[in-house]
Amino acid sequence: MKKHFLIAICALLLVSCGGRNESAPANPKVAANALKHYPIVDSLLRVMTLDEKIGQLVLYTSDWDVTGPSIRSGYVDDIRSGKCGNIFNAYTAAYTRQLQEIAVNETRLGIPLLFGYDVIHGFRTIFPINLGISASWDMPLIQESARIAAREAAAAGLHWTYSPMCDICVEPRWGRISEGAGEDAFLGSEVARAMVYGYQGGDLEDPLTIAACVKHFAAYGAPHAGRDYNTVDMSERWLREFYLPPYKAAVDAGAQTAMASFNEYDGTPATANRHLLTEILRDEWGFDGFVVSDYTGVMEMINHGTSRDLEDASIQALNAGNDMDMQSGGYSEFLAKAMKEGKVSKKTLDEAVRRVLTVKARLGLFEDPYRYCSPEREAAETKTEANLLAARTLAEESCVLLKNTHNLLPLDKNSTVAVIGPLADSADDLLASWRGAGQVEGIKSLLEGIREMAGGVVYAKGCDIENPGQAGFNQAEYAARSASTVIMVLGESCDWTGEAACRTSIQLPEVQKELLRRIAATGQPIVLVLLNGRPLDLSEESELADAILEAWYPGTMGGEAVARLLFGEASPSGRLSVTFPYNLGQVPIYHYAKNTGRPYVHKGVKYESRYLDCENEPLYPFGYGLTYTTFSYSKPELSAAEFGPMGSITAKATITNTGAKEGTEVVQLYIRDMVGSVTRPVKQLKGFERVTLAPGESRTVEFEITPELISFWRKDMTFGPEAGEFRAFIGPASDCTEFATFTYNE
Ligand code: NOJ
């Protein structure tokens, strides 16, 4: 068959041209083949018809999973006719092989399909939601979780994950805050980088790695009023300083693809926003992978009101730099016509096709289109003991201990506990949204985890998650009275977070609050375990409960992990990656706020920036979290009082475990630039380190402060440092107060 001939020629060309090598990547962690040139791509481009080229820019969902509106069928025919070169939501070695065989054997050129999927916090072994993952502040373990997800996914035929989600968010109403790394650009960048390294490893051709996708580009996490898909508008300065860094970190780490977000930015939908997709992403950052739209993103430009019809939308999107059309069908239907009419140039089309084919080449698909479809590997890689152990450890590290009066936690294993609440026996909620191919069968709920650990357990559900019925309250109260400690498991249903899952309330449902009040009235000590995917208003709960453990949705091993924390087999070390306000009225609230012209410093003074009915400070600040021990900090010290463009200084503090148990502290560095050409945050996270200390043990933690670290988008929109005075704070959370002062000289 002709196509096999062609592929054979291309493969020969590939070998004879030594198409493997160009220059070594600057960052050794970036996949080595990311910079290679692939002659096979040139060869293909020379012989492809217009329709074949367009087919490579089309991405359709299979009917295995629905991750957006269901709008079309017939994807198998589209593959066969060369109209669709990429598929998502199809997995397993067997099924992807079946589809791949159609592309390879039944189309003229046999160009392999690319299989994508939302592997967001694990594929079969489900890790905690990403907001929880980020609360671990443990980059090696986060990277490991992505590596495991990649191995499991790659063995099931997948080449491409729509992750990491790099959307900074200060909006708890937005359901997708659960999918990101929280509010902070510095922490978010670290997480993004770790995830890309984890997915892509050092060699994309390695069949155990998959391509990452930076999403949702850009600023999707800032919809007005926290309503999904809503308008985003912010200054370019704010965008660059507080929103873009995690996307850029992922690109710098070698992410092969990027996804345009649903939202508009500065009046133009991201899908056709040339400023974002071409000027920033490609021209400034040097991104050389391809951009895919989000689900029907091209079509949605008609609703946005910037395109007359799908044809117009498709032309605008491709010309702006959006290479691949997910699910709209517009490229498929209209690009050939647009080319003939000169509305899209051959150069633009060829560039987009080249990018897609290059990613396929980098993944090694032209050498062996089936290298990812391995039933043996699929069986061997899935939910291995090591994978599950990593998931349990990350679940433990993601939990944040918010309160622990009189060291109520950890509990005595011999004690009898009452386990109460609508989420206590729900294994399903532990997996959260975007659970990949995770299955609930065989997963232990929190109740089951606790049962394996405690001397005795009495259980009462008490109420449903939201249904106002209180028929179970008496039994719950009875259970509470019959035990020495009460563990209440309250929170949100897992489908209240994720896509299209926004809420105008960040309180627990009234029935759960009422149940808590009722149990609190018994006077029994209460440990409140929370399962939720957004910062909640816990102002009342923080009064009623003696201890609070924020467990997010902790994943496959969540039941065991939470039980181990509660009974001291493991020790909490998570820190909030997002601020928990007193109430929704304080939102948006984040730790890098500016000082304003009237900062609130004089208690009770009227004309200062404050509320009449609430503190300015949040209930639980960014970076906050308790452990089962205590730590003291020495005053921060600097290696020198000043430095300049070619130098750096070190800020350090000595941390001592002053308690009786081993514990892990997340030591945090914040910096304040006292005077700038534009206003600067009162504090900005600029470094952190996890340190585990035995009782009585001390460790000095050092952070290097470089010109890069204190750089920002200056008045003239250049990026760099400015001379002047700075404060370096080192402490356990963003509300730390001890600092040392240094000067930067130009
Ligand atoms: C829409 C979501 O916004 C995006 O995150 C996801 O990757 C795609 N659907 C594909 O499922």
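Every value quoted in this text rests on a predicted model; they were computed, and no experiment measured them. (Residues numbered from 1 in each chain as written. Predicted model: local features only at pLDDT ≥ 70, side-chain atom pairs only at ≥ 80, totals over all residues. Heavy atoms only, no water.)

### Some remarks on helix α7 (residues 139-155)
The α-helix advances 3.6 residues per turn, and as a result positions three or four apart in sequence lie on the same side.
Reasoning step 1: With 17 residues, α7 extends 24 Å between its outermost C-alpha atoms, agreeing within 8% with the 24 Å of an ideal straight helix rising 1.5 Å per residue.
Reasoning step 2: Burial within α7 is extensive, with twelve of its 17 residues counted as buried.
Reasoning step 3: Residues of α7 that are buried: M139, L141, I142, S145, A146, I148, A149, A150, E152, A153, A154 and A155.
Reasoning step 4: On its buried side, α7 packs onto α5 (93-106), α6 (130-134), α8 (185-200), α15 (375-381), α16 (385-398) and β22 (684-693). (Helix = DSSP H or I, 4+ residues; strand = E, 2+ residues; numbered from the N terminus. Expected span 1.5 Å × (residues − 1). Buried < 20%, exposed > 50% of the residue type's maximum accessible area, 1.4 Å probe, protein only. Contact = heavy atoms within 4.5 Å.)

### Some words on the domain arrangement of the chain
Reasoning step 1: The domain architecture assigned to the chain consists of domain 1 (5-112 + 256-378), domain 2 (396-586) and domain 3 (631-744).
Reasoning step 2: Spacing between the C-alpha centres of domain 2 and domain 3 amounts to 34 Å.
Reasoning step 3: Listed per partner, the contact involves five residues of domain 2 and eight residues of domain 3.
Reasoning step 4: Ranking the residues of domain 2 by area buried against domain 3 places E397, S573 and R575 at the top, with a combined share of 75%.
Reasoning step 5: The interface formed by domain 2 and domain 3 holds two salt bridges in total. (Domains from an automatic or database assignment. Buried area = accessible area lost by both parts, 1.4 Å probe. Salt bridge = Lys/Arg side-chain N within 4 Å of Asp/Glu carboxyl O.)

### Details of the sheet that holds strand β5 (residues 213-217)
Reasoning step 1: The parallel open sheet is built from three strands, whose spatial order is β5-β6-β9. Unpaired on one side and paired on the other, β5 and β9 (290-292) mark the two borders of the sheet. Shown here is a sheet whose adjacent strand axes are inclined to one another by a mean of 25°, direction ignored.
Reasoning step 2: Here strand β6 (residues 257-260) pairs with β9 via three bridges, running parallel. The residue bridging A258 from the neighbouring strand is V291, located in β9. (Pairing = 2+ DSSP bridges. Axes fitted to C-alpha atoms, helices over the stretch in contact; angles between N-to-C directions.)

### Focus on the packing of aromatic side chains
Reasoning step 1: On inspection of all chains with the given rule, the structure shows 28 aromatic pairs.
Reasoning step 2: Centre to centre, the rings of W137 and F622 are 5.5 Å apart; their planes meet at 50°, and the pair counts as tilted. Within this pair, whereas W137 is found in the loop between α6 and α7, its partner F622 is found in the loop between α22 (558-566) and β17 (631-633), the two being separated by 485 residues in sequence.
Reasoning step 3: Ring centres of W160 and Y162 lie 4.8 Å apart, and the angle between their planes is 80°; this geometry places the pair in the edge-to-face category. The pair W160 / Y162 is uniform in exposure class, with both members buried.
Reasoning step 4: Following the ring pairs from residue to residue traces out a cluster consisting of W64, Y91, Y95, Y117 and F123.
Reasoning step 5: A cation sits over an aromatic face here: R97 above Y370, 4.5 Å from the ring centre. (Phe/Tyr/Trp six-rings, centres within 6.5 Å; stacked < 30°, edge-to-face > 60°. Lys NZ or Arg CZ within 6 Å of the ring centre and 35° of its normal.)

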